Amino acid sequence: MMSATDQDKRLHYLESMGIQVWAHRGPKSGQDRNRQAPVAEPGAVEDNSAATAGQDDIAGLEWEVLRERVLSCTRCDLHKQRTQAVFGVGNHSAQWLIIGEAPGADEDRQGEPFVGRAGKLLNNMLLAIGLRRAEVYIANIVKCRPPNNREPAPEEAQSCAPYLARQIALIKPKIIIALGRVAAQNLLKTDSPVGSLRGKRFYYEQSDIPIIVTYHPAYLLRSPQEKRKAWQDLLAAQELFSSL
Ligand code: SF4
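A short tour of the structure in this document, coming up. (Residues numbered from 1 in each chain as written. Predicted model: local features only at pLDDT ≥ 70, side-chain atom pairs only at ≥ 80, totals over all residues. Heavy atoms only, no water.)

Here's the deal with the site of the ligand
Next, step 1: If you check the shell around the ligand, you find Cys73, Arg75, Cys76, Leu78, His79, Arg82, Lys143, Cys144, Ser159, Cys160 and Tyr163 and nothing else.
Next, step 2: Split into classes, the residues belonging to the shell around the ligand amount to 6 nonpolar, 2 polar and 3 charged. (Near = heavy atom within 4 Å. Nonpolar A, V, L, I, M, F, W, Y, C, P; charged D, E, K, R; others polar.)

Right, here's the structure in full:
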C-alpha cells in the first residue's frame, strides 16, 4: 500500500507528465481504467524477435566484452558520425527493461541513453509507477546516433539488433517497455503504428517476457495531449508486472 508521502510524490511526477488530477479522478464511466487490453498469449505473436541475434559471437558475450564491442563497433554506417556509442545504462538484473529508439545529441555527447528533456520525462514516468531509474535498465534499438536525429534505417537497426538481443538475454527482465514506434516495430517485427500496438500484450521472441508499447517521451514532449495515454500504458504495465 502506498503511503501518503509516496502518493504525494507520485502526484508530483504525474504533474510533470502533465497529468494533474487523473490519479484521483477514477474511471469516469469505466471506459479508461477498465478498457480491456487485447492479450496475445505466448507464442501467439507471429515473429516478434527483437533481433536475430547471433549470426556471430555476440550472443555469447558477457557484459564487459559486450560493452567494449559496442563502443568500438563499426557494423553499420552510424559509427562514422557518432561521438560515442551509447551502450545502455542501469541494473544488470533489472526486472524492467526500457527500450527506446536511438541516442540523440545529448546522449551522443554524454554516452548515456535518455538524458536531456526526454530523459527527465522518462525518469518521471518511471517514478510515477514507483521505479527509480537506477532500478531499471535502459537501452535503445541502435547504439549510435543517426545524423540529424533521423530515424535509424532498417538495415542499421538490423545490424545493431544482436547487441540488444544479448543485453536482453543477460538481463532476463520480467517485462519490457517499448518506447515509441521504432522500438515497438523493431521489437515486434511489424509495420503497425504505435496507436494500434498500445493496449496489447506481446511477448519477446519465444519467451514469456511481455512487451508493452507506449509513446516515446520525446514524442510526448511534442504532443503533451498524449501523456494521459502513456500513463494508462504505464498503469497497465504495472498491473501486468504485479501479476507476473
Ligand atoms: Fe554498431 Fe549499432 Fe553503432 Fe551500428 S548503431 S555502428 S551496429 S553499435
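What about the sheet that holds strand E6 (residues 210-214)?
Next, step 1: Taken in spatial order, the 6 strands of this open sheet run E1-E3-E2-E4-E6-E5, and their pairing is mixed. Every interior strand has two partners, whereas the edge strands, strand E1 (89-90) and strand E5 (202-203), have only one.
Next, step 2: Relative to E6, E5 runs antiparallel, the two being bridged by 2 bridges. Residue pairing across strands places Phe202 opposite Ile211, the latter belonging to E6. (Pairing = 2+ DSSP bridges. Helix = DSSP H or I, 4+ residues; strand = E, 2+ residues; numbered from the N terminus.)

So, the nonpolar core
Next, step 1: Counting residues in hydrophobic clusters, the biggest one holds 65 residues, and the most contacted among them are Trp96, Ile99, Ile176 and Ile211.
Next, step 2: In this structure, Ile211 is in contact with Ile176, Ala178, Leu187, Leu188, Lys200, Arg201, Phe202, Tyr203 and Tyr204, ignoring residues within four places of it in sequence. (Core = buried A, V, L, I, M, F, W, Y, C linked by side-chain atoms within 4.5 Å. Buried < 20%, exposed > 50% of the residue type's maximum accessible area, 1.4 Å probe, protein only. Contact = heavy atoms within 4.5 Å.)

Remarks on the pattern of salt bridges
Next, step 1: A complete count under the given rule lists 10 salt bridges for this structure.
Next, step 2: Asp77 is the partner of Lys80 in a salt bridge, and the nearest nitrogen-oxygen pair spans 3.4 Å.
Next, step 3: Looking at Lys80, the relative accessible area reads 58%, which means it is exposed. (Salt bridge = Lys/Arg side-chain N within 4 Å of Asp/Glu carboxyl O.)

Focus on the packing of aromatic side chains
Next, step 1: Taken as a whole and assessed by the stated rule, the structure comprises 4 aromatic pairs.
Next, step 2: Between Trp63 and Phe87, the ring centres sit 6.0 Å apart and the planes meet at 80°, which makes this aromatic pair edge-to-face. Residue Trp63 is found in helix H3 (residues 63-71), and its partner Phe87 is found in the loop between H3 and E1; the two are separated by 24 residues along the sequence. Both residues of the pair, Trp63 and Phe87, count as buried. (Phe/Tyr/Trp six-rings, centres within 6.5 Å; stacked < 30°, edge-to-face > 60°.)

Section: unusual backbone geometry
Excluding glycine, a negative phi dihedral is what most residues carry, and trans is how most peptide bonds are arranged.
Next, step 1: Positive phi is not limited to glycine here, since Asn149 has a value of about 60°.
Next, step 2: Mapped onto the elements, Asn149 comes out in the loop between strand E3 (137-140) and helix H6 (154-171).
Next, step 3: For Asn149, a relative accessible area of 47% corresponds to the partly exposed category.
Next, step 4: If you check the backbone angles, Lys172 has positive phi at about 55° while not being a glycine.
Next, step 5: Note on placement: Lys172 falls in the loop between H6 and strand E4 (175-179).
Next, step 6: Take Lys172: its relative accessible area is 61%, and that puts it in the exposed class.

Some details on H6
Next, step 1: Look at H6: 25 Å from first C-alpha to last across 18 residues, which is about the 26 Å you get at 1.5 Å a residue.
Next, step 2: Roughly 40° is the biggest bend found in H6, and it falls at Cys160, with proline Pro162 one to four residues downstream.
Next, step 3: Burial of H6 is extensive: 14 of the 18 residues sit out of reach of the surface.
Next, step 4: Positive backbone phi, approximately 55°, marks Lys172, located one or two places after H6. (Expected span 1.5 Å × (residues − 1). Bend = angle between axes of the 7 residues up to and from the residue.)

Quick notes on the packing of H3 against H6
Next, step 1: Remark: H3 packs on H6, axes separated minimally by 11 Å, with the N-to-C direction vectors making an angle of 160°. Between H3 and H6, the crossing angle belongs to the class labelled roughly antiparallel. The crossing of H3 and H6 is left-handed. Residues Trp63, Leu66, Arg69 and Val70 of H3 form the contact with H6, whose own contacting residues are Tyr163, Arg166, Gln167, Leu170 and Ile171. (Axes fitted to C-alpha atoms, helices over the stretch in contact; angles between N-to-C directions. Parallel < 35°, antiparallel > 145°, perpendicular 65-115°, else oblique. Left-handed = near helix turned anticlockwise from the far one by under 90°.)

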